[in-house]
Amino acid sequence: MARYLRHRSRMTDHACVRKLVFFCSADPREDTGAFFRAYHFANVAAQSGLEAEVRLAGAAVDVTDVTTLPDTEAGDLIREKIRESIDAPFDISL
């Protein structure tokens, strides 16, 4: 029985670690909404004390060069979210 309890306690300890991952693979030249939502919700989660990450993949990696964003209001909103996230307590991974 003690062996079973030790095993369960390790599972419980591991289950307590949670991280919200906001995944984005959209092309920043075509779909700005996905980026806005990913950065926005990661920022909200981090400010609420939750561990969060924005994970970029595929064409989404191009957003690391903000000049790829369109010169529109939507593009400007994403640039602003990216600037806000520089000191934010969440991770960004490629």
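This one's a predicted model, so the numbers in the text were calculated from it and none came from an experiment.

A. Representation of the overall build of the protein chain in the model. Summing up its helical and strand segments, the protein chain has 3 helices and 3 strands in all. Beginning at the N terminus, the succession of helices and strands in the protein chain can be written as α-β-α-β-α-β. The buried share of the protein chain, reckoned over its 94 residues, is 31%. Summarising the internal contacts of the protein chain: among those between residues at least 6 apart in sequence, 70% fall at separations of at least 24. For the protein chain, the accessible surface area stands at approximately 6400 Å², while carbon and sulfur atoms represent 54% of it.

B. Quick peek at the packing of aromatic side chains. With the rule as written, the count across this model stands at 2 aromatic pairs. Pairing tyrosine 39 with phenylalanine 90 gives two aromatic rings, centres 6.5 Å apart and planes at 65°, and the pair type is edge-to-face. Of the two residues, tyrosine 39 sits in helix 2 (residues 33–47) while phenylalanine 90 sits in the loop between helix 3 (73–85) and strand 3 (91–93), which places them 51 residues apart along the sequence. With relative accessibility at 5%, the residue tyrosine 39 sits in the buried group.

C. Expanded view of the nonpolar core. Within the largest apolar cluster, 19 residues are counted, with the highest numbers of intra-cluster contacts made by Cys24, Phe35, Tyr39, Val54, Leu56, Val63 and Phe90. Secondary structure elements with two or more residues in this core: helix 2, strand 2 (52–56) and helix 3. Aside from chain neighbours lying at most four places away, what touches valine 63 is Pro28, Phe35, Tyr39, Leu56, Thr68, Leu69, Ile78 and Ile82.

D. Broad picture of helix 3. Here helix 3 contains 13 residues, and its C-alpha end-to-end distance of 18 Å stays within 8% of the 18 Å for a straight helix at 1.5 Å per residue. Every buried residue belonging to helix 3 is among Gly75, Ile78, Arg79, Lys81, Ile82 and Ser85, and all of these are buried. Projection of helix 3 onto a plane perpendicular to its axis shows the buried side chains occupying an angular sector of 160°, all on one side. Across from the buried face of helix 3, at angles greater than 90 degrees, the exposed residues are Glu73 and Arg83. Structurally, helix 3 contributes buried residues whose contacts are with helix 2 and strand 3.

E. Quick look at the environment of alanine 38. Locating alanine 38 in the fold gives a position in helix 2. C-alpha separation for the pair alanine 38 and valine 21, spaced 17 residues apart in sequence, amounts to 8.7 Å. Non-local contacts of alanine 38, meaning those with residues more than four positions away in its chain, are made with Phe22, Cys24 and Val54.

Rules of the game
- Residues numbered from 1 in each chain as written.
- Predicted model: local features only at pLDDT ≥ 70, side-chain atom pairs only at ≥ 80, totals over all residues.
- Heavy atoms only, no water.
- Helix = DSSP H or I, 4+ residues; strand = E, 2+ residues; numbered from the N terminus.
- Buried < 20%, exposed > 50% of the residue type's maximum accessible area, 1.4 Å probe, protein only.
- Contact = heavy atoms within 4.5 Å.
- Areas by Shrake-Rupley, 256 points an atom, 1.4 Å probe, with all protein chains shown as cover.
- Phe/Tyr/Trp six-rings, centres within 6.5 Å; stacked < 30°, edge-to-face > 60°.
- Core = buried A, V, L, I, M, F, W, Y, C linked by side-chain atoms within 4.5 Å.
- Expected span 1.5 Å × (residues − 1).
- Arc of directions from axis to C-beta.

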